[in-house]
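Working through the structure, step by step
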Amino acid sequence: GRSFRPEGTTVTFPNGVVVGGKEVVVMAGPCSVESREQILTSAKQVAAAGAKFLRGGAFKPRSSPYSFQGMGLDGLKLLRDVSDETGLLVITEVMEISQIELMLPYIDCFQVGARNMQNFNLLRELGHVRKPVLMKRGISATIEEVLLSAEYILSGGNYNLMLCERGIRTYETYTRNTMDISAIPVLKKLTHLPVLGDPSHGVGIRDLVPPMALASVAAGADGLLMEMHPNPDKAMSDGAQSLYPEQLQKLMAQLKLLAPVV
Ligand code: PEP
Ligand code: MN
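In the nomenclature of an unreviewed UniProt entry, the protein chain is known as 3-deoxy-7-phosphoheptulonate synthase of Tunturiibacter lichenicola.

Structural data, given as structure tokens:
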């Protein structure tokens with residue numbers, strides 16, 4: 001609850017980046033790591049836009065078992081290499097307990113995906129590491145369920161936790177999900193944890209991402225997690241919701257009119 005730390009929790013990363021502080025922290029990159037060239041180009045574009053984290057899945061939770069499943073360990077190594085080269089931090093998804101140890105040397109932040117928000121064994125294990133975790137809201141999770149899942153991690157002693165609204169499933173099908181902007185101020189009120197918005201999965205349509213990113217920050221988000229791809233039309237996953245590099249650049253400038261952004 002918020003009363004545990006009325007001033008709010010901040011999560012500090014190795015290079016001094018703080019989430020939950022005064023600045024809005026932007027994490028951007030492709031849905032999946034696809035090749036050295038793709039992730040290096042992405043990292044350069046993300047760094048040039050002024051964002052601090054490179055995102056990219058190496059382990060991908062795909063709806064179809066026949067879709068691209070990610071590059072695995074090779075993807076983690078590429079993420080680390082290109083992030084060191086461009087001065088970025090790495091956030092990437094962990095899907096199961098056995099991946100935690102494997103990932104530790106390569107990453108700066110674990111991402112728990114929407115599909116694993118109620119993988120309680122995974123959450124419990126992430127409570128035993130001290131590396132930061134960003135936990136996404138489940139696809140149809142209530143706020144109470146989000147809070148209880150967060151407790152699985154916090155109760156293990158890992159307070160380096162951030163929450164993320166990424167859209168929920170509703171009766172509306174025009175957008176991929178319904179971005180519940182209200183979840184941001186609700187979670188900020190109920191918890192001491194930093195809250196981020198992921199407008200990419202929130203709406204699933206590239207041109208709707210910038211307005212929902214702005215709305216997230218206006219609603220009090222401490223950061224944004226967004227998909228950007230050097231060539232979205234060729235992306236192996238989530239191309240339709242991935243920003244063009246120029247869109248990210250422009251959005252960063254717009255966000256700065258609302259809040260200090262890094
Ligand atoms: C992702 O970030 O690429 C992802 C799979 O997100 P989510 O878990 O929110 O669907
Ligand atoms: Mn994705």
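Phi is positive for Asp238, which is not a glycine, with a value near 55°. The residue Asp238 is located in the loop between strand E10 (223-227) and helix H9 (245-255) in this model. The buried category is assigned to Asp238, around which 20 C-beta atoms lie within 10 Å.

This next bit is on the site of ligand 1. Taken together, Cys31, Gly57, Pro61, Gly113, Ala114, Arg115, Lys136, Arg166 and His201 make up the full set of residues adjacent to ligand 1. When its residues are assigned to classes, the shell around ligand 1 shows three nonpolar, three polar and three charged.

In this section: the environment of Asn116. Note on placement: Asn116 falls in the loop between strand E6 (109-112) and helix H4 (120-126). A tally of 21 C-beta atoms within 10 Å means that Asn116 is categorised as buried. Measuring from C-alpha to C-alpha, the distance between Asn116 and Gly138 comes to 7.3 Å, with 22 residues separating the pair along the chain. If we skip the residues at most four places from it in the chain, Asn116 touches Met95 and Leu122.

Rules used throughout
Residues numbered from 1 in each chain as written. Chains lettered and ligands numbered in written order. Predicted model: local features only at pLDDT ≥ 70, side-chain atom pairs only at ≥ 80, totals over all residues. Helix = DSSP H or I, 4+ residues; strand = E, 2+ residues; numbered from the N terminus. Buried ≥ 20, exposed ≤ 12 C-beta atoms within 10 Å, placed from the backbone. Near = placed C-beta within 6 Å. Nonpolar A, V, L, I, M, F, W, Y, C, P; charged D, E, K, R; others polar. Contact = placed C-beta atoms within 7 Å.

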